[in-house]
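# Tertiary structure, described
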Amino acid sequence: MNLSLYLLTVLIWGTTWIALKWQLGVVAIPVSIVYRFGLAALVLFALLVLSRKLQVMNRRGHLICLAQGLCLFCVNFMCFLTASQWIPSGLVAVVFSTATLWNALNARVFFGQRVARNVLMGGGLGLLGLGLLFWPELVGHTASPQTLLGLGLALLGTMCFSAGNMLSSLQQKAGLRPLTTNAWGMAYGAAMLATYCLVRGIPFEMDWSARYVGALWYLVIPGSVIGFTAYLTLVGRMGPERAAYCTVLFPVVALNVSAFVEGYQWTAPALVGLVLVMVGNVLVFRRVKRVNPVFKAQQI
């Protein structure tokens, strides 16, 4: 089950960049995010009500969902999409992939979970591999004040993503399943971002072209309903630090898709980076055997 959820998350979120790219144009980015998570929330609530699996939450559960919606389905996306205007997408991917290390640290601080050495080593190798994958893009970018601002926003988005992971883990420890918490979290996130758009005077336009509508529904169903549910279920089953290694593999899938769709050319450093990412993946999921000492009684 863990492997299936892991592969499903990586494949879905590794291809959503195409849909995000197709959404650029007529509709403002914040409004597209509102459409995405507002519709995803409606789909989740409909499924839960029809299947009679919508869990009842108390005030504490709703407050945590409100915070989760702010972190995962609002500020997180706004930070990354804004950062992408000033820094290369490869650099955004590298910063986002530090979620593996942030999750390990936060799990230690908030839940007292021991940080496994193999997880830290695997996360480090993954980051080094991503650096090699995007090396031409990184060295070709000149530093500027906008670069620092973009890096700061990307880091803030990553920390929000990690905080959302911790909140989901907290909800699951209380017996609340990701389907219910995601439905409320997406609804709260969409509502907060819609309020932001109204205050800023951002118009709620709609692009009825087949490309935009198709991209929107891909982001709603596979990208949000299935992707976030699968990922946050992994957070509860495997721990935040191991589940977050998905963020290292997303760019790898995206580059492979780009090779077919946009003619991306693999280079020697990129192939070395790919190997490092995969070795890091093996390290993260390697089971550490605990050796229990055996004491032999001595007769005196």
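Starting from 1, residues in each chain are numbered consecutively following that chain's sequence as written. This being a predicted model, a pLDDT of at least 70 is required before a residue's local features are given, and a value of 80 or more before pairs of side-chain atoms are given or counted; all residues contribute to the totals for chains, interfaces and linings. Water and hydrogen atoms play no part in the side-chain values, which are based on all heavy atoms of the structure.

You'll find the protein chain entered in an unreviewed UniProt entry as DMT family transporter, with Pseudomonas tritici given as the organism. UniProt positions are given in the numbering used here, feature names are shortened, and annotations may be inferred rather than shown by experiment. Looking at the Subcellular location (unreviewed entry) heading of the UniProt record, one finds this comment for the protein chain: "Membrane". According to its UniProt record, the protein chain has this under Sequence similarities (unreviewed entry): "Belongs to the EamA transporter family."

### Overview of the overall build of the protein chain
If you tally the helices and strands in the protein chain, you get 14 helices and 0 strands. Secondary structure counts use DSSP, requiring at least four H or I residues in a row for a helix and at least two E residues in a row for a strand, with both numbered from the N terminus. The order of α-helices and β-strands along the protein chain, N terminus first, is α-α-α-α-α-α-α-α-α-α-α-α-α-α. Radius of gyration: over C-alpha atoms. The globule rule applied is 2.2 Å multiplied by the number of residues raised to the 0.38 power. The C-alpha radius of gyration computed for the protein chain amounts to 20 Å, which stays within 12% of the reference 19 Å derived for 300 residues, consistent with globular compactness. Reported as C-alpha extents along the three principal axes, the dimensions of the protein chain are approximately 85 × 55 × 35 Å. Expressed as a percentage of its 300 residues, the buried residues of the protein chain come to 49%. The contact criterion used throughout is that any non-hydrogen atoms of two residues lie within 4.5 Å. Contacts in the protein chain between residues far apart in sequence, at least 24 positions, make up 89% of those at least 6 positions apart. For the protein chain, the exposed surface amounts to about 15,300 Å²; the carbon and sulfur share of it is 68%. Between the centroid of the 20 positive side chains of the protein chain and the centroid of its 5 negative side chains there is a distance of 25 Å. Exposure classes here rest on a 1.4 Å probe applied to the protein chains alone. A residue is buried below 20% of its type maximum, exposed above 50%, and partly exposed in between. Accessible surface is estimated by sampling points in the Shrake-Rupley manner with a 1.4 Å probe; for residues, cover comes only from the protein chains shown. In this tally, Lys and Arg are treated as positive and Asp and Glu as negative; His is ignored, and so are the chain termini. Where a charge sits is defined by one atom per residue type, namely NZ (Lys), CZ (Arg), CG (Asp) or CD (Glu).

### Topic: a nonpolar patch on the surface
Grouping into patches uses exposed residues only, defined as over 30% relative accessible area, and leaves out salt-bridged ones; the cut-off is 9 Å for like charges and 5 Å for nonpolar side chains (Val, Leu, Ile, Met, Phe, Trp, Tyr). Salt bridge, as applied in this entry: a Lys or Arg side-chain nitrogen positioned within 4 Å of an Asp or Glu carboxyl oxygen. A surface patch of nonpolar side chains, amounting to about 310 Å² of accessible area, comprises Leu8, Trp217, Ile221 and Ile226. Considering every element that reaches the nonpolar patch, the biggest residue donor is helix α11 (residues 210-238), with 3 residues.

### Some words on helix α9 (residues 145-173)
A rise of 1.5 Å per residue sets the reference length of α9, with its 29 residues, at 42 Å; its end C-alpha atoms lie 42 Å apart and thus fit the reference within 8%. Just beyond α9, the residue with positive phi is Gly175, at close to 95°. Helix span is expected to be 1.5 Å times the residue number reduced by one.

### Comments concerning the side chain of Asn76
Note on placement: Asn76 falls in helix α4 (residues 59-83). Of the residues examined, Asn76 reaches a relative accessible area of 4% and is grouped as buried. In this structure, Asn76 is in contact with Leu70, Cys71, Gly157, Cys160 and Phe161, ignoring residues within four places of it in sequence.

### Some details on the nonpolar core
Looking at soluble globular proteins, one finds that nonpolar side chains tend to be buried together. Core analysis: the largest hydrophobic core is formed by 71 residues, its most contacted members being Phe37, Leu133, Met186, Phe228 and Tyr231. For this core, the element with the most residues is α11, which contributes 11 residues. Side-chain atoms within 4.5 Å are what join buried Ala, Val, Leu, Ile, Met, Phe, Trp, Tyr and Cys residues into a set we call a nonpolar core.

### Here's the deal with the side chain of Ser169
Looking at the element boundaries, Ser169 is found in helix α9. Those residues in contact with Ser169, other than ones at most four positions away along the chain, are Phe111 and Val235.

### Looking at the state of the cysteines
Whenever a pair of cysteine sulfur atoms sits within 2.5 Å, that pair is classed as a disulfide. For the coordinates displayed, the defined rule picks out 0 disulfides. In this structure Cys65 is not part of a disulfide, and its nearest cysteine sulfur, from Cys71, lies 12 Å away. Taking relative accessible area as the criterion, Cys65 reaches 0% and is therefore assigned buried. Of the cysteine sulfurs around Cys246, a residue in no disulfide, the closest is that of Cys71, at 19 Å.

### Quick look at the confidence of the model for the protein chain
The predictor rates its confidence in each residue with pLDDT, a number between 0 and 100. For the protein chain, per-residue confidence averages 84 on the pLDDT scale, and residues scoring 70 or more make up 90% of the total. With pLDDT under 50 throughout, residues 290-300 is counted as low confidence; its partners more than four residues away or in other chains account for 1 contact.

### Overview of the packing of helix α6 (residues 99-111) against α9
Across the interface, α6 lies against α9 with an axial gap of 9 Å and an inter-helix angle of 45°. Relative to α9, α6 is oriented oblique. Handedness of the crossing formed by α6 with α9: right-handed. In this structure, α6 uses Ala99, Trp102, Asn103, Asn106, Ala107 and Phe111 to contact α9, whose residues at the interface are Leu155, Thr158, Met159, Phe161, Ser162, Asn165, Met166, Ser169, Leu170 and Lys173. In terms of residue class, the contact of α6 with α9 is built from 9 nonpolar, 6 polar and 1 charged. An axis is simply a line fitted to the C-alpha atoms; with a helix, the fit covers only the stretch in contact. Between two such axes, the angle follows the N-to-C directions and lies from 0 to 180 degrees. Orientation labels follow simple angle bins: below 35 degrees gives roughly parallel, above 145 gives roughly antiparallel, 65 to 115 gives roughly perpendicular, and whatever is left gives oblique. Crossing handedness is defined as follows: a turn of the near helix away from the far one that is anticlockwise and smaller than a right angle gives a left-handed crossing, while the clockwise case is right-handed. Residues are sorted three ways: Asp, Glu, Lys and Arg are charged, Ala, Val, Leu, Ile, Met, Phe, Trp, Tyr, Cys and Pro are nonpolar, and all the rest, Gly among them, are polar.

### With respect to unusual backbone geometry
In this model, Arg52 sits at a positive phi of 55°, which is unusual for a non-glycine residue. The residue Arg52 is located in the loop between α3 (29-50) and α4 in this model. Classification of Arg52 by relative accessible area gives exposed; the value is 80%.

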